Amino acid sequence: MEAPILISSIPNLFSFFTFFLIIYLVAYFIIFRSWKPKLRPEASSCAISLLHGTPAVFFAVTSLLADPDRDFHSPNTPLQNLVLDYSISYFLMDLTHYLIFYPSDVLFIGHHLATLFVFVTCRYVVYHGAYAILVLLILAEVTSFIQNTWTLANARKSDVEFAAKVYALLSPPFYVLYSLVRGIAGPYFVYRMFTYYFSGAANNVIPRWIWISWVFVVVTAISVSILWISNLWVELYRERSRELERKVR
C-alpha cells in the first residue's frame, strides 16, 4: 500500500517543485535583474519563500480545521499530505539554491535537510502526525511575509532610501512578532508535543526514534532562531543608542 501512495504523490512533488523553480528563475532573471549579482540569489530565494510561507499557513490551517479527528498521532488526511508535498517541494528548491550559490552555508543547508527529514518521515514513512508537523509549519511560516520583506529591504538599505525606510519601519514589529512566535508559542507547543509522545500514546503508529528526531530537530531550530533574534535585538538597541547620541550632540 505504501508504494502506490509514494508513486501517486510524485506528480504533486514534481508540479510543486517546477512551480517554485519557475518562480525562482523569473525572480532571478526578470524581477531582480537590475540588482547586484551577489544579491540576486538571496532575493530570488525570498521570492519563492514568499510564495511558500503565507500560502502554506493558509493551506495548513484549512487542512487541520477540516480534520475532526486531528491529534498528535492521528493519520494524515489527503489534504494534509498535499500541504506536506507543497512544503517538501519548496525546501528542495531552496536547498538547491543554497547548494549552488552558498555551498559553504552549513547552517542553512543543515536546517533544510533536517526540515526535509521531518516532513518526509511524516509524509512517507509513518503517515501519521501531520497535525503536529503542520502546526509547527504554521508557527514557522506565520512570520514569512514580514520576514522576507524585511530581508529584501535589508539587502538594499545601503543604496536605496526607500528600502532603508522600510527596513527601519519593519524591524521593531518583525522582531516582536518573531520573538513571540519562536520564543513563546513555539516552545509551548513543542512541550505539549513532547509530553504527548513521551507518554507513549503514539508509539504504535509513530516509532520512538522518529518522534525523538522530530523533537530534537524542532528544539534545535527554535534555539537557533532565539539566538538569531536576540542578536538582532542587540543590534537594534545599539543602532538606536547611536542615533540618540548623535541627536544629543
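All values reported here derive from a predicted model rather than from experimental measurement.

**Here's the deal with the pattern of salt bridges**
- Within the structure shown, the criterion is met by three salt bridges.
- A salt bridge links Arg-123 to Asp-85, with the nearest nitrogen and oxygen atoms 3.2 Å apart. Here Arg-123, found in helix 4 (residues 106-126), pairs with Asp-85, found in helix 3 (residues 78-101); they are 38 residues apart in sequence, far enough to count as distant. Of the two residues, Arg-123 and Asp-85, both sit in the buried class.
- The closest approach of N and O atoms between Arg-156 and Asp-159, which form a salt bridge, is 3.0 Å.
- With a relative accessible area of 40%, Asp-159 lands in the partly exposed category.

**Digging into the packing of aromatic side chains**
- For the structure shown, the criterion picks out 34 aromatic pairs.
- Between Tyr-24 and Tyr-28 the ring centres are 6.4 Å apart and the planes differ by 10°, which places this aromatic pair in the stacked class. Taken as a pair, Tyr-24 and Tyr-28 lie in helix 1 (residues 2-31) at a separation of four residues, close to a single helical turn.
- Given a relative accessible area of 5%, Tyr-24 falls into the buried group.
- Of note, Arg-156 hangs over the ring of Trp-35, and the distance from its end group to the ring centre comes to 4.8 Å.
- Sitting above the plane of the Tyr-167 ring, Lys-157 keeps its charged end 3.9 Å from the centroid.

Calculation criteria
Residues numbered from 1 in each chain as written. Predicted model: local features only at pLDDT ≥ 70, side-chain atom pairs only at ≥ 80, totals over all residues. Heavy atoms only, no water. Salt bridge = Lys/Arg side-chain N within 4 Å of Asp/Glu carboxyl O. Helix = DSSP H or I, 4+ residues; strand = E, 2+ residues; numbered from the N terminus. Buried < 20%, exposed > 50% of the residue type's maximum accessible area, 1.4 Å probe, protein only. Phe/Tyr/Trp six-rings, centres within 6.5 Å; stacked < 30°, edge-to-face > 60°. Lys NZ or Arg CZ within 6 Å of the ring centre and 35° of its normal.

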